[in-house]
Amino acid sequence: MDFQLSDDQRALRAGVRELLAGRFGRDRMRAALDGGTGVDRALWRELGEAGFFALRLPEAEGGVGLGLPEAVLLFEEAGRSLLPGPLIATHLAAGPVKGAAQGETVVAVLDPGQPVAHLGEADALLVLGPGGGPRESGAAPADVAPVRDAATPVRSMDPFTPLWRVADPVEAGEPLPRGGRLRDEGALLAAAEQLGSAARTTEMAVQHAGEREQFGSPIGSFQAVKHLCAGMLVRAELARCAVYAAAVTADPVEIAGAKLLADDAAVRNARDCLQVHGGMGFTWEADVHLHLKRAWLRSGQWLTAAAAEEVLAEDLC
């Protein structure tokens, strides 16, 4: 079995990277951060037109007809660029929720007991069923307006991700087709975003280590810095192997392992990148803290470390 990316997959990844670089490059990202803007509806529609949300819908239903491996490549690029918004929920709702596939509808996700991201900007709501692991959960749509009216905004560690606390039970509609798989798939796509962030912070650390000089030499020539950067690369590539393999098999156990590894890589790489940057890494002007905060937040979404460990432990019994 060949796990190398095909030419079409490489072209897909390059096209998404080019699109995001042009529409959400660093300058626009920092402008959105400073302006406190939420979901960019124009960009959301452009992503819809590019097939980001309809990627896995059959061509007969207006989709692209690709699979999880290709979706993972798209979300890896979204993680690299810190693209905000409920991308995963909208992607998973494409088809059953009107307008999601075209980027006309922003879909948020409600996971019982967890804050809801981007509820204030959502047009629709996807409610995950209760359960500690992906094998125990279905999903169904719900009317977003009454949920939003009863919700309370809470402080978020990620400035790009507003959070809302929903205390009352939510009445959901009919379960979606494949609803039992949505938490699995959401966890895998979140792992892909974490992978993209881990790879990007590795690049940032290596670039800074090559440019920053101390005692007349680039700091990348010092052994301690080399070890930090090497460890970051190892974590990112280990997570990449796990995420790509899980995308091929779609096995819940492999998805749980991939989410654990990707969460660890994203958080630890961001912290080590901050260490390589030194005092500069702690400043608002540097982007390192944005990756760290997003990685922290994503590690608690779709599949937590504790839930993933339970899935892995159950498989051993």
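Note that the coordinates shown come from a computational prediction; the quantities given were computed from them, not determined experimentally.

### Structural notes on the overall build of the protein
Next, step 1: In terms of helices and strands, the protein carries 11 helices and eight strands.
Next, step 2: Compactness check: the protein gives a C-alpha radius of gyration of 19 Å against a globular reference of 20 Å for 317 residues, within 12% of the reference.
Next, step 3: Overall, the C-alpha framework of the protein stretches about 65 × 50 × 40 Å when taken along its three principal axes.
Next, step 4: Sorting the 317 residues of the protein into buried and exposed places 52% on the buried side.
Next, step 5: Partitioning the contacts of the protein with sequence separation of at least 6, the portion at a separation of at least 24 is 67%.
Next, step 6: Of the roughly 14,500 Å² of accessible surface on the protein, 54% is carried by carbon and sulfur atoms.
Next, step 7: On the protein, the mean spot of the 30 positive side-chain charges and the mean spot of the 43 negative ones are 6 Å from each other.

### Things to note about the packing of helix H1 (residues 7-23) against helix H4 (residues 68-81)
Next, step 1: With their axes 9 Å apart at the nearest point, H1 and H4 run at an angle of 30° to one another. Classified by the angle their axes make, H1 and H4 are roughly parallel. Crossing of H1 over H4 shows right-handed handedness. Where H1 approaches H4, its residues Gln9, Leu12, Arg13, Val16, Arg17 and Leu20 are matched on the opposing element by Pro69, Glu70, Leu73, Leu74, Glu77, Ala78, Arg80 and Ser81.
Next, step 2: Looking at the contact of H1 with H4 residue by residue, the classes come out as seven nonpolar, two polar and five charged.

### Some remarks on the sheet that holds strand E6 (residues 163-165)
Next, step 1: Across the sheet, three strands lie side by side as E2-E6-E5; this open sheet has antiparallel pairing. Edge positions in the sheet fall to strand E2 (116-117) and strand E5 (152-154), since each has one partner strand and no second.
Next, step 2: When E5 meets E6, the two strands line up antiparallel, connected through three bridges. The partner of Thr152 across the bridge, within E6, is Arg165.

### Structural notes on the sheet that holds strand E1 (residues 107-110)
Next, step 1: Pairing is mixed across the open sheet formed by three strands, whose spatial order is E1-E3-E4. Among the strands making up the open sheet, the edge pair consists of E1 and strand E4 (139-142). Sheet twist, expressed as the mean angle between neighbouring strand axes with direction ignored, is 30°.
Next, step 2: Of the strand pairs in this sheet, strand E3 (residues 124-128) and E4 are connected by four bridges, and their pairing is antiparallel. Residue Leu125 lies in a different strand from E4, and its bridge partner there is Ala142.

### A word on the pattern of salt bridges
Next, step 1: Counting across every chain of the model gives 18 salt bridges.
Next, step 2: Two residues, Arg41 and Asp123, come together in a salt bridge whose shortest N-O distance is 2.7 Å. With Arg41 in helix H3 (residues 41-49) and Asp123 in the loop between E2 and E3, this pair connects stretches of sequence that are 82 residues apart.
Next, step 3: On the basis of relative accessibility, which here comes to 30%, the residue Arg41 falls in the partly exposed class.
Next, step 4: On the basis of relative accessible area, Asp123 is assigned to the partly exposed category, the value being 36%.

### A word on the pairing of E3
Next, step 1: Burial runs high along E3: five of the five residues are buried.
Next, step 2: Of the two faces of E3, both are covered, the one formed by Ala124, Leu126 and Leu128 as well as the one formed by Leu125 and Val127.
Next, step 3: In the sheet, E1 pairs with E3 via four bridges, with the strands oriented parallel. By the bridge assignment for E3, Leu110 is matched with Val127.

### Structural notes on the nonpolar core
Next, step 1: By size, the foremost hydrophobic cluster in this structure holds 68 residues, and its most contacted members are Leu47, Leu87 and Val243.
Next, step 2: Among the elements that line this core, the one with the most residues is helix H7 (residues 179-211), at nine residues.
Next, step 3: Within the second largest apolar cluster, 16 residues are counted, among which are Ala209, Ala266, Ala270 and Ala295.

### Remarks on the confidence of the model for the protein
As a note on interpretation, predicted positions should not be read in detail where pLDDT is low.
Next, step 1: Predicted confidence across the protein gives a mean pLDDT of 91, with 96% of residues reaching 70 or more.
Next, step 2: Ranking the helices and strands of the protein by mean pLDDT puts helix H9 (residues 252-277) first, with 97, and strand E7 (residues 213-214) last, with 80.

### Focus on the environment of Tyr244
Next, step 1: As for its placement among the helices and strands, Tyr244 is situated in helix H8 (residues 223-249).
Next, step 2: Using a relative accessible area of 16% as the deciding quantity, one classes Tyr244 as buried.
Next, step 3: Spatially, the C-alpha atoms of Tyr244 and Leu68 are 9.3 Å apart, while their sequence positions differ by 176 residues.
Next, step 4: Not counting chain neighbours up to four residues away, the residues in contact with Tyr244 comprise Leu5, Arg13, Val72, Leu73, Glu76 and Leu195.

Conventions adopted
Residues numbered from 1 in each chain as written. Predicted model: local features only at pLDDT ≥ 70, side-chain atom pairs only at ≥ 80, totals over all residues. Heavy atoms only, no water. Helix = DSSP H or I, 4+ residues; strand = E, 2+ residues; numbered from the N terminus. Rg over C-alpha atoms; globule rule 2.2 N^0.38 Å. Buried < 20%, exposed > 50% of the residue type's maximum accessible area, 1.4 Å probe, protein only. Contact = heavy atoms within 4.5 Å. Areas by Shrake-Rupley, 256 points an atom, 1.4 Å probe, with all protein chains shown as cover. Lys, Arg positive; Asp, Glu negative; His and termini not counted. Charge placed at Lys NZ, Arg CZ, Asp CG, Glu CD. Axes fitted to C-alpha atoms, helices over the stretch in contact; angles between N-to-C directions. Parallel < 35°, antiparallel > 145°, perpendicular 65-115°, else oblique. Left-handed = near helix turned anticlockwise from the far one by under 90°. Nonpolar A, V, L, I, M, F, W, Y, C, P; charged D, E, K, R; others polar. Pairing = 2+ DSSP bridges. Salt bridge = Lys/Arg side-chain N within 4 Å of Asp/Glu carboxyl O. Core = buried A, V, L, I, M, F, W, Y, C linked by side-chain atoms within 4.5 Å. pLDDT = per-residue confidence, 0-100.

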